[in-house]
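Read off the chains here:
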Amino acid sequence: MTEELDRRPQRLESEPRRHLAILFTDLSDSTRLSGLMEAETYAELQDDVRLAFRDVVAKYRGTINQFQGDGLQALFGNPQATEHDGRRATEVALEVHERVRALRAKYAPHGVPDLAVHSGIHAGLILARQGDEMAGRFEIFGPAPGIAKHLSDIAERDEILVSEETLGPGSQFFHTSERRLVTLKGREQPLAIHRILARTSLRTRFEAHAQRGLVPFIGRSAELRWLEEAFERIGAQQPRFVAISAPAGVGKTRLAEEFLRRAAASNCTISRGYCDSDLSAEPLQPFLQMLRSRFGRRDAPEQTVAAVRDVFATAALTQPQVLFIDDWQWADDATRQVVYAIRELPRLPILLVAATRPLELGDAQLTAADLLELAPFTDAEADATIGQLLPSADPFVTNEIRRYAGGNPLFIEELCHSVAGAGPSAGLEPVRGGSAWLETLIESRIARLPVEQGEILSAAAVIGNVVPTWLLESLTGCGERHPLVQGLAVHDLVFPGESSATLRFKHGITRDVVYGAIGLQKRRAMHRDIARLIRGRTEPDGEAEACEALACHYAGAAEFAEAARYAEMAGDKAMAASSIDGAKTQYRAALHMLDRLPPSPEHYKAWRSIVRRLGLATVFDPSRGEVEVFARAVARARDHHDAAGLAYAEYWLAYVNYALGESRAAVEHCELALQTATAVGDERLIAQVRTTLGQALAAAGDYPGALILLEVAATPRRDRPAGARPSSGLPYSLACKASVLGDLGRFAEAHSCFAQAFDALPWRGHEVEGSVLCWRSGVNLWQGRWQAAREDALAAHRIAARVKSLYLFATSRGLGAYAEWKLEPGRPQSLRDMADAASWLESRDKNLFVSLSYGWLAEAMAAEGRPAEARGYAACALRRSRKRDWIGAAMAARAMARLAAADRDWNGADRHLGMAEKVARTRGAAHEQACNELCRAEIAHARGSRLIALACIERAMEAFESMRMQWHLARALRLRDAL
């Protein structure tokens, strides 16, 4: 016995994992009931409930796993998962609840009038092994069983709670309560759940998707034309049978329904039916559904192949017939015989359309059909679909969904729902994992592969999304031309890659599902073998070329020291190539690996070094997650009594707060970093901290203090070795200084400073050039140089897309859109681009100077006659001023003043102008003060106060002329002429 227990963990780690839906049902108020009843009566009640549970679970092909006291647990998806498992579990719960309610009459005489059970259902990836009397029929491991039990525990009497991810679009088969979130211990994100009330009248998956809300039909023009031509030719020869073939989710039914919608405009009769994989499916099911729809259940004709054929043959004598059968892959023999019999009828206008998943090679089911193989969406079609479902998604989320879904419309739709449900602040995380029902659907497809082919697919999944063919062959003995490997493309799983001698997974989510199903020990051994193979093929001095793969596989093999070393190397490589997101990903992976190692001075030293480099990457695309990392760095430095490490940790904590628009926190951490750096005598760090303090003060509008610090920071170091590449800090400091000078109205000095910044770049195209271009674009906007601002923004946008910095991407998009709107007022696309840019920054908590985006939008919406939106954006800009982000507040206040004047609310206009003037004084922004004078002149003119208007115009014109703000000067001249 002891020996068996010792072997159990090893065996457990080697077991494959699978997706199961788990139903947990419990008797409500069991303690009260046991006290009310005699023991024999209570035992009889338990037997009745268990019998109901046993009968209904068997009916829906579930597995009773455990009777535990008053609790009953059933599994769905064992031994093979299907996409219907969550729905089946829910059907079981509904029927069990009905059966228990039917027992009330029997037990009411015993003082129990309200007999009921309560249930919880959740699906997920679990590890199962044969159980025993204590553990149940199967012993199952993973979070899903606990979540199902928790949902049952919090369910009220006669209530069924199901997680949203378990049902997916299958929730449309049931009447449910409103979506609600529950917080579970040990789970970061709240779980979305529904209360199941009853069944709906829906019967097909397409109806469920339609009820949920169909995306507008996109693409497929060639396929539609093919079907329409098939329809046009019926009657000229014998009836036609066409089959639309594609894997699950590619859009077969959607295409067929769009064709049927168009065909309905012709003089034809359309009939629909579907095949079913459930045991309840009856022979001739799709045709019986068609006949019952026509004649009613009682008047339907005889259920024989000949009789059914003759019904449609007779109908075709008077009107063309279009018969659509969905899910043909589950058609029974009798259904196929009817189709083939109709197909052989002479010269009748009948078109049979079937939607089917790809059949196995050599399958004879479709020999009589004309086959239309439906391809996945193109990138353009995928982007259009994502744009419909997530109209405000930033391009990085859009790209990730497209890549992960691999053109499968269903995957795209579900990933979009996951992102939308998680909320805007979740970023990319919901993309990198599908809902449980979707993963189960994928697993059910993979489970049908031959064992040998499944092993090859598992090996490919461990290698990665892109699979070098030499590596797959070394690991499995099967090269790219092997029939089993080529067969994976037939199943829409693995295809030739873009690079030669590589394969790639069609859908990233498929790779993740396959990978997640591999047992722990097997997976680790495969990672270890792959790392050994890569190392054996790599030259001693060429490790950097393969460092990303080695980091991944050593991490998978649980060899954390090697994983950390290669991840650090990969981060450095990504930084050298200006791949900011790649560098951040690798550095954070390296930190995670080091956290898995035993504490030691050497490991802390390596951890601290990587944190510093993560800080350098964070400069160009900050995120809230880095605050936690640098806060940990502060705590660890204190624990290790590492004053130098503490100084750097406080410095990076200051910088990330500055980059996120938290100026107050940035200043506080700068001061702490400065104290510690001074104590340890680190002159270089002292200079860096002062620079960041200057930037934080500039962001807070404290320009006198900022200029003192930035003046020093913008002076090139004399001790830099000859020929050494300049750092990225110098051009950024120069650009920051230039922006302050621009806001002060010293535009000539600002442009001179920008010229120095460009000269100081490490190289053209460096990521810091994007920041410099954005700063200069903003200064050009202040000066009214719209075309120059637009060109700078476009150049910054190209750099942002290349280095994958969302902050630069969104900021440059907003700058360019505002410049375009000023050049062409009323341009709808400019307004959309400005709104998108602001939304992307807000959703990712990137708030540095975000008030500027709100200020632009407030001005534009007010000018476009959209006052409600203008007021909303102005409120956002003014709210940011509480965080000392003043830069967009004056513009927003002027927009509010103009709106008030348009309503002849002169007091309101004066109040808002007073706010604009206060903001301009706080910043010392001469260009804002001049624009305030022009705005006051416009409002005075509207009030009929000509003398006040003239005085304001003269002051504005004098300021505009001195600052060379020619566009504004021309506008002031036009107003003066109008007076």
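Anyway, here's the lowdown on the structure attached to this text. (Residues numbered from 1 in each chain as written. Predicted model: local features only at pLDDT ≥ 70, side-chain atom pairs only at ≥ 80, totals over all residues. Heavy atoms only, no water.)

A look at the side chain of Arg240
Here Arg240 lies in strand E10 (residues 240–245). Residues within four places of Arg240 in sequence aside, it is in contact with Ala230, Arg233, Ile234, Arg343, Ile350, Leu351, Leu352 and Asp370. (Helix = DSSP H or I, 4+ residues; strand = E, 2+ residues; numbered from the N terminus. Contact = heavy atoms within 4.5 Å.)

Here we look at helix H31 (residues 703–713)
Where H31 is concerned, the buried positions are Tyr703, Ala706, Leu707, Leu709, Leu710 and Ala713. The elements touched by buried residues of H31 are helix H30 (683–699), helix H32 (729–743) and helix H41 (906–923). Measuring from the backbone nitrogen of Gly705 back to the side-chain oxygen at the start of H31 gives 3.4 Å, which picks out Asp702 as the cap. (Buried < 20%, exposed > 50% of the residue type's maximum accessible area, 1.4 Å probe, protein only. Polar contact = N/O pair within 3.5 Å; in protein donor to acceptor, adjacent residues only side chain to side chain.)

Describing the pairing of strand E12 (residues 321–326)
Regular strands have side chains that alternate between both faces of the sheet. With six of six residues buried, E12 is to be regarded as a mostly interior element. Of the two faces of E12, the one holding Gln321, Leu323 and Ile325 and the one holding Val322, Phe324 and Asp326 are both buried throughout. Strand direction decides the pairing type here: strand E11 (residues 269–274) and E12, joined by six bridges, are parallel. Among the inter-strand pairings, Tyr274 is bridged to a residue of E12, identified as Asp326. The sheet contact formed by E12 and strand E13 (residues 350–356) spans five bridges and is parallel. Its bridge partner being in E13, Phe324 is matched across the sheet by Val353. (Pairing = 2+ DSSP bridges.)

As for empty space enclosed by the protein
All chains considered together, the criterion is met by six cavities of 30 Å³ or more. Taken as a whole, the largest cavity spans an internal volume of roughly 380 Å³. What lines the largest cavity is a set of 28 residues, and nearest its centre among them are Cys774, Trp775, Tyr807, Thr811 and Phe849. Per-class residue counts for the lining of the largest cavity are 22 nonpolar, six polar and no charged. Taken as a whole, the second largest cavity encloses approximately 60 Å³ of empty space. The wall of the second largest cavity is formed by Tyr604, Trp607, Arg608, Val611, Arg612, Ala633, Gly645, Tyr648, Ala649 and Trp652. No other element matches the five residues that helix H26 (residues 601–618) contributes to the lining of the second largest cavity. Broken down by class, the residue content of the lining of the second largest cavity amounts to seven nonpolar, one polar and two charged. (1 Å grid on protein atoms, 1.4 Å probe; cavity = no way out; pocket = protein on both sides within 12 Å on 5 of 7 lines; lining within 4 Å. Points joined across faces, edges and corners; volume = space filled by probe spheres on them. Nonpolar A, V, L, I, M, F, W, Y, C, P; charged D, E, K, R; others polar.)

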